[in-house]
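For reference, the chains in residue letters:
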Amino acid sequence: MNSWHRKRPILAFFCNWAPYRCYLELGQSGMVLPYSICPIKVMCAGRLDTAIVLSAFEKGAEGVVIIGCKEKECRYGPGPGQAKKISETIRGLMHILGLEPERFSMVAFSYNEKNRLFKEMKSFAKTLSKLGKSPFALD
Amino acid sequence: MTSNNGILIVGGTPHGLQAALTLAHCGRKVTIAENNFEIAGPPKGWSEKSKRHHQYILAQVSCHPLIEISTESRIMGIKEAIEGMEVQLTQRPRWILPELCVNCNKCLISCPVELPNGRKPIFELRAPTTMAIDKREKAPCRSACPIDMNPQGYVALIAQGRIDEAFELILDENPLPGICGRVCHHPCEMECRRKEIDEPIAICALKRFVADEILKKRKGLGIGNITPVKGPRIAVIGSGPAGLTAANDLARAGFRATIIESEGRPGGLLSYGIAPYRLPRQTIEGEIEGILALGVDLRLNSAVVSWEDIEKLKAEGFRAVLLATGASKDLNMNIKGEGLEGIYGCVSFLKGMWTGKTHAPLGRVVVIGGGNAAVEASRAVIRSVAQSVTLIYRRTRMEMPADPHEVEQALEEGIKPMYLTTPVEFEGNGNRLARIKCIKMKLDDMDASGRLRPIPIDGSEFLINADTAIISIGQDANSPYGRGHLRLKRGGIIEVARNGETNIPGVYASGDVVSGPSTVVEAMASGRRAARAIILSLKPELRQIPDHEFESAREKYDPVPKDIPKQKRRPIPHRRVSKRIKDYKEVIGPFSAKEAVKEASRCLQCSICSECLRCETACDMEAIRHDRVSTRRSLHFSRIIVADSPQVDLELDFPLLTRVERHGKRDSWARALVAGRAAAMEALSKTYPAKTQPLSRRSLGNGDQKIGIFLCSCSGTLNENGLLDKMIAPLTKIQGIAHVEVLMSACHPEKGRRIEEVINEKGLNGALIASCVCCHIDFSCESCTDQRIRLKNRLFREGGYDPKDITLVNIKETCLIPYKNDHKKCIDKAMRIIRSGLWQLREHKEWTFKNEQAHTQAIVLGATEAGIAAAKGLKGQFSSVVLVDDLSLTKKDEKDLRGWGIDLVSPARPLRIDGQSGSFTLIFEKTGSLLSKEDKENSGLFTQNKTRWRKSIDTKAFDEDPRYQKVQGDIIILGRSEFRNIPYKSDAFAREHHLWGHKAFGTLETGIPGVYMASWSQAMKISGQTLGKSAAGEALEGTFQKPDESKYLVAHVDPEFCRGCGRCADVCPEGAARLEESARGVAFSWIEPRLCTGCGVCVAECPTGAIILPESEQGYFEKVINEFLA
């Protein structure tokens, strides 16, 4: 499992606000996320679109997860709704490209849910390890 | 009177926080005075959303450079002054300075105290994010100690097994720990609160344990090499406890002390009075060596017996003389036969024994007396020198002044006590003692010493046989030199002031010679006081060092817990009687290490923080000082807002003092915000923006990249085993990196400036700081701690660096803490994060923005109580305010409003609102007839019927028909909720829709940015006035934001690619993206930088990719993704 983690990166897009804080608190308290999770910070989950997610898969990511705020908690307003809309398009495209739709996930967290975040990330990593290598993997 | 400090807000309540924020956004300087040690968290009853928002506001308040939070501050008095108010502010001692604390937790780890409930005296606060200390009044054990030792401190350290540190702490106050640990009468144990549960802590024995452990490890207790001391020379006459302590203190203060001792061995009564089975020679020698190693001279066999000897010393160059000659002249009983052979004074007898002048076999020994000296003598002779030992005392065992433990051991060893007996005559055979005639006593009333007076029983005389008698009824002071010069009292006691000064300048006295026979530790205390007097007289500048004054205002102890299990004292090992009376080896043994820990763990830690000063030593940021005291300041403010009534008397009423409208004790979050803004609004009038320099961002220049990478080790805690050092080499290899360094701290106000130093020295044009700070944008979020905010403020707001040139990434919580056990993994991840952060520096594009509009005109719709209050509030800050209403106002109201300079358009029917925040247009129709409110309601024009509203207006007519007039405004405030139904058209291409209600709770903004509704449901119980003011405050907050800073995260539409589809305008939550009409009559999108918050949703929506936002472009994402996947 260990070497799998090092060579099979999972890109996790955190929105700058509640999810990132959740992630930092998780790290501060010593909980160790699977090494394969690579954090990328965006201002709002609403910014993410098909181009970014698909380019991640194209470059060899095993999985992509978007961690945004909850629907009513977005401080800008439209973020989570926007992200939800785009995720449907993304799943559709993934199906056409031959990627298993389980490789993409979108979840919503508040700032005080680090335990749930930990469980969620671990189970996502496990799901991906069961799916095996991505069809676009570089090796 | 000090200079103006802006506006004072009393109380860090949610109301106060919001008021502070509003005022700060409008450019005013604000100070928040909070009574507690931290700003309270949200009350428990609030919803999660409210709590989250509270956190967010708190982060913003902590971050803002114009807001200062003063915790632990109480208002002591308010009075009016010229153009403002003068306030007396008292701040309790802040042992940890928040502005220097970096939250590295080293102090927390070093604290040895573990409280019964699992907490520690040093703990982390939420707001400000710093550490704080809970310190109560002086522990009872410490108060009881004459030399102010800190038993709570060293017992806590022993309980953690930290013996070396315990020893250092003991040595701070006590240079003779091994001695005291054996012979001190431990007043501390008598005050120990543990006795309320079971038994007091064995403090004395624990101290002895520490001293012995250290003595084992080191040869003697000397502290390294002898340091040459150059200060004034002081002569200390006598090397007993008083003299030794004084010499120790003098040497530590930089003086050159010389101890002048009459005997051949130092120690005074420690060596000559106390027996080796209580106090071994080795211990005394070791501890005296430790004192001498400080640079103290010792002259033995040099008696000072006359005043000429003292004069000679002065002539030798000694600046002061401290007499510590003790009290060891035995008193006589003055009864018949005292001159017979075989009768000795106690001290001289013991001295003879310990100097080797052994006496002949003593036969039957009778010791007269009941003090420690008597018991000492008895126990000394029973060890194989005497046939039998009888101890005669005139009162009972209960009244014996000797240490009860000593008496117990003496009795165990076979000494026979004879209570209520006194000798009346010594009878002898020839000139040798043979018998003693004694008389029985009985106890009568109390005498001067508080004990029952013994009186002889007539006719009860009897004889006892004795070969040796040792008289131990007390000692006189040794002060033969003082006759005729010093003031002497009965018994040779030298009269001194409390600090040891005699009547002769330069001559001091301490110890038994001023108090009479006393205890070891009392003598030490006396020596210490005299030493201090000498120090201050010759080096008065040392008076600045505070003398550990505890503040009486400290909180009391917690009550002794009732629920902890009883745990008797660990037994102190004693040698068996049959063995020990055969020799002079030590009777009492030390604790074993395990037993010591167990015994020390019983301590209740009464004062919570024990002032062991481990945290002060551990903090490398110099943030902790335990000797700080309260400060009292008198400050001048232009206005005061009271957000927390208990702090300021409700009776006080000044024109410049505003009280936040509170409804009961616990307001909801929404109410708090509204009330806070209203109070802020009031305070805005007659105050002026703080004179801050307009921030000019300086760019570090373009050209070939010369980037510096700084890795913050958070006071070294993140660089264990060189984790960060290992990253220096691989980082230096990256192209464009000119400098890589590991910092002690990035956020510390002084140590962090290394970053700026290096940027200047090496001429860097970019920097990446890898620490706990996760972003380099201007606003703060809930993740922001004070430390992160401090660094960002220092770099960007104060330093004026451009966020395009400096970026910050978080590697602390993302990899250094979770993966610290696997260096390879950790470094790999950290490198990837740093590399992805570098891409933020490599995209430099210059934009130009339109000039900011000055706030010129505001529109208020509806002359309700709220509307009028809003209009008046806005008038102070906007050049003009237009109040539109379709109801007629009374003449009085009209006159009042005109007096305020508010333009009144009434009666007029508002028809539609066009435009965006900053450029609204209100279209209205002046109605000729003056309809009253009743008429209006009857005519149906004010119905909630939306369709009727729309149908009745022909929009094309607006531009042509002269009936319809327009008025411009930057912001609009609705005074009446019905106006929500007015149609709204955001731009030339949009369809009409309605304004909707409030956007979110706690804000009076409607769904349209820039339009505020100053009305609320009745259930919230807020007055119309407050609502109006609050709406005005909120509007101002929005318009005042950042007039002269350039924001970093602002979206920009590239006109090359924009096709005017309007999707960005539809989705923008702030109304920043808007469609405008080009000269050709087609739409193009433009983003108002003042309103853009950088969320990036428009970037995602745009079908052509025309919108550019820093760190949000597709190209940037691809590069960042690459860093993780390559």
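Preceding this section is the structure that the text describes.
Just so you know, these numbers come straight off a predicted model, no measurement behind them.

Moving on to the sheet that holds strand E2 (residues 30–33) of chain B. In sheet architecture, strand pairing relies on hydrogen bonds along the backbone and comes in two forms, parallel and antiparallel. All names here are of chain B. Pairing in this open sheet of 5 strands is parallel, and the strands run E3-E2-E1-E25-E26 from one edge to the other. Two strands bound the open sheet, and with one partner strand each, they are strand E3 (67–70) and strand E26 (657–659). Going from strand to strand, the sheet's axes swing by 20° on average, the running direction of each strand aside. Pairing geometry for strand E25 (residues 639–642) and E26, over 3 bridges, is parallel.

On to the pairing of strand E15 (residues 386–392) of chain B, then. Looking along a regular strand, one sees the side chains alternate between the two faces of the sheet. Residue and element names in this part refer to chain B. E15 sits mainly inside the fold: 6 of its 7 residues count as buried. In the sheet, E15 pairs with strand E16 (residues 416–418) via 3 bridges, with the strands oriented parallel. Looking at E16, one finds that Ile392 is bridged to Met418. On the question of chirality, the crossover connecting E15 to the parallel E16 by way of helix H16 (residues 404–412) is right-handed.

Attention now moves to the sheet that holds strand E39 (residues 993–994) of chain B. Residues and elements named next belong to chain B. Strand order in the open sheet made by the 5 strands is E36-E35-E34-E38-E39, with mixed pairing throughout. Edge positions in the sheet fall to strand E36 (964–969) and E39, since each of these pairs with one other strand and no more. In this sheet, strand E38 (residues 983–985) lies alongside strand E34 (residues 908–916) in parallel orientation, the contact comprising 2 bridges. Directly across from Asp914, in E38, lies its bridge partner Lys985.

As a further point, take the packing of aromatic side chains. Using the criterion set out here, one finds 13 aromatic pairs over all chains in the structure. Where Trp17 of chain A meets Tyr76 of chain A, the ring centres are 6.2 Å apart and the plane angle is 80°; that geometry is what we call edge-to-face. Pair noted here: Trp17 of chain A is in the loop between strand E1 (10–15) and helix H2 (18–28) and Tyr76 of chain A is in the loop between strand E3 (63–68) and helix H4 (79–97), with a separation of 59 residues, a long-range link. For Tyr76 of chain A, a relative accessible area of 5% puts it in the buried group. Consider the rings of Trp354 of chain B and Tyr584 of chain B, whose centres lie 5.8 Å apart with planes at 80°: the pair is edge-to-face. In this pair, Trp354 of chain B sits in helix H14 (residues 346–354) while Tyr584 of chain B sits in the loop between helix H19 (577–580) and helix H20 (593–600), placing the two residues 230 residues apart along the sequence. On the basis of relative accessibility, which here comes to 26%, the residue Tyr584 of chain B falls in the partly exposed class. Feature note: the residues Phe13 of chain A together with Tyr1116 and Phe1117 of chain B constitute an aromatic cluster, connected by ring pairs. Its end group placed over the ring of Tyr272 of chain B, Lys351 of chain B keeps NZ or CZ at 5.8 Å from the ring centre.

Okay, the environment of Tyr76 of chain A next. When the C-alpha positions of Tyr76 of chain A and Ser129 of chain A are compared, they lie 35 Å apart, and in sequence the two are 53 residues distant. At a separation of 3.4 Å, a polar atom in the side chain of Tyr76 of chain A contacts the side chain of Trp17 of chain A.

Let us look at a nonpolar patch on the surface. Residue and element names in this part refer to chain A. On the surface, a nonpolar cluster with roughly 360 Å² of combined accessible area is contributed by Leu93, Ile96, Leu97 and Phe136. Relative to the assigned elements, Leu93 resides in helix H4. Among the residues examined, Leu93 registers a relative accessible area of 32% and is labelled partly exposed.

Below, the discussion takes up the packing of helix H3 (residues 50–58) of chain A against helix H36 (residues 1114–1125) of chain B. Their axes nearest at 10 Å, the elements H3 of chain A and H36 of chain B cross at an angle of 25°. Overall, the two elements H3 of chain A and H36 of chain B adopt an arrangement that is roughly parallel. Along this stretch, H3 of chain A crosses H36 of chain B, giving a crossing that reads as right-handed. Here Ala51, Ile52, Ser55 and Ala56 of chain A of H3 of chain A lie close against H36 of chain B, whose contacting residues are Gln1114, Phe1117, Glu1118, Ile1121 and Leu1125 of chain B. Of the residues assigned to the contact of H3 of chain A with H36 of chain B, the class counts are 6 nonpolar, 2 polar and 1 charged.

This part is about the side chain of Glu338 of chain B. All names here are of chain B. The residue Glu338 is located in the loop between strand E12 (329–330) and strand E13 (343–345) in this model. Buried Glu338, no salt bridge; nearest opposite-charge side chain is Lys336, N-O distance 13 Å. One polar contact links the side chain of Glu338 to the main-chain amide nitrogen of Met333, over a distance of 2.6 Å. Contact partners of Glu338, with chain neighbours within four places excluded, come to Asn332, Met333, Ile343, Phe426 and Ile471.

Moving on: unusual backbone geometry. Most peptide bonds take the trans configuration, and most residues that are not glycine carry a negative phi. Residue and element names in this part refer to chain B. If you check the backbone angles, His186 has positive phi at about 35° while not being a glycine. Along the chain, the position of His186 falls in the loop between helix H7 (177–183) and helix H8 (187–191). On the accessibility criterion, His186 (22% relative accessible area) is partly exposed. Here Asn334, not a glycine, exhibits a phi torsion of approximately 55°, which is positive. Within the secondary structure, Asn334 sits in the loop between E12 and E13. On the basis of relative accessibility, which here comes to 66%, the residue Asn334 falls in the exposed class.

A common measure of how large an interface is: the accessible area buried when the components associate. Each partner contributes residues to the interface: chain A has 49 residues there, and chain B has 47 residues. Inspection of the region where chain A meets chain B yields 2 salt bridges. Among the salt bridges present, the one from Lys85 of chain A reaches Glu1101 of chain B, with a minimum N-O distance of 3.5 Å. Across the contact surface, chain A and chain B share 10 residue pairs in polar contact (both at pLDDT 80 or more). Sorting the residues of the side of chain A that touches chain B by element identifies helix H1 (2–7), E1, H2, strand E2 (37–42), H3 and H4 of chain A as the ones contributing at least two each. Of all the elements, H2 of chain A adds the most residues to the side of chain A that touches chain B, at 7 residues.

What follows deals with the state of the cysteines. Residue and element names in this part refer to chain B. Counted according to the given criterion, the structure contains 0 disulfides over all chains. Unpaired in terms of disulfides, Cys438 finds its nearest cysteine sulfur in Cys346, a separation of 17 Å. The buried category is assigned to Cys438, whose relative accessible area is 0%. Just so you know, Cys712 is unpaired, no disulfide at all, and the nearest cysteine sulfur is the one on Cys714, 5.6 Å from it. The class for Cys712 is buried, based on a relative accessible area of 9%.

With that settled, the discussion passes to empty space enclosed by the protein. For the structure shown, the criterion picks out 15 cavities of 30 Å³ or more. Lining the largest cavity we find 25 residues, and of these Ile40 and Lys41 of chain A together with Cys774, Gln840 and Tyr1116 of chain B sit closest to its centre. At the level of elements, E2 of chain A together with strand E30 (806–810), helix H27 (823–838) and H36 of chain B are the ones that each hand at least two residues to the lining of the largest cavity. Considering each element in turn, the lining of the largest cavity owes the most residues, 4 residues, to E2 of chain A.

This brings us to H20 of chain B. Residue and element names in this part refer to chain B. Buried within H20 we find Glu595, Ala596, Glu599 and Ala600. Down the axis of H20, the buried side of the element spans an arc of 130°, and every buried residue falls inside it. Contacts from the buried residues of H20 go to helix H5 (151–159) and helix H9 (203–217).

This part is about the side chain of Glu595 of chain B. Residues and elements named next belong to chain B. Tracing the chain through its elements places Glu595 in helix H20. Residue classification places Glu595 among the buried residues on the basis of a relative accessible area of 18%. In this view, Glu595 contacts Arg570 and Pro571; residues no more than four positions away in its chain are not counted.

The rules behind each value
Residues numbered from 1 in each chain as written. Chains lettered and ligands numbered in written order. Predicted model: local features only at pLDDT ≥ 70, side-chain atom pairs only at ≥ 80, totals over all residues. Heavy atoms only, no water. Pairing = 2+ DSSP bridges. Helix = DSSP H or I, 4+ residues; strand = E, 2+ residues; numbered from the N terminus. Axes fitted to C-alpha atoms, helices over the stretch in contact; angles between N-to-C directions. Buried < 20%, exposed > 50% of the residue type's maximum accessible area, 1.4 Å probe, protein only. Right-handed = clockwise from strand over helix to strand, strands pointing away. Phe/Tyr/Trp six-rings, centres within 6.5 Å; stacked < 30°, edge-to-face > 60°. Lys NZ or Arg CZ within 6 Å of the ring centre and 35° of its normal. Polar contact = N/O pair within 3.5 Å; in protein donor to acceptor, adjacent residues only side chain to side chain. Patch = residues over 30% accessible without salt bridge, like charges linked within 9 Å, V, L, I, M, F, W, Y side chains within 5 Å. Areas by Shrake-Rupley, 256 points an atom, 1.4 Å probe, with all protein chains shown as cover. Salt bridge = Lys/Arg side-chain N within 4 Å of Asp/Glu carboxyl O. Parallel < 35°, antiparallel > 145°, perpendicular 65-115°, else oblique. Left-handed = near helix turned anticlockwise from the far one by under 90°. Contact = heavy atoms within 4.5 Å. Nonpolar A, V, L, I, M, F, W, Y, C, P; charged D, E, K, R; others polar. Lys, Arg positive; Asp, Glu negative; His and termini not counted. Disulfide = S-S within 2.5 Å. 1 Å grid on protein atoms, 1.4 Å probe; cavity = no way out; pocket = protein on both sides within 12 Å on 5 of 7 lines; lining within 4 Å. Points joined across faces, edges and corners; volume = space filled by probe spheres on them. Arc of directions from axis to C-beta.

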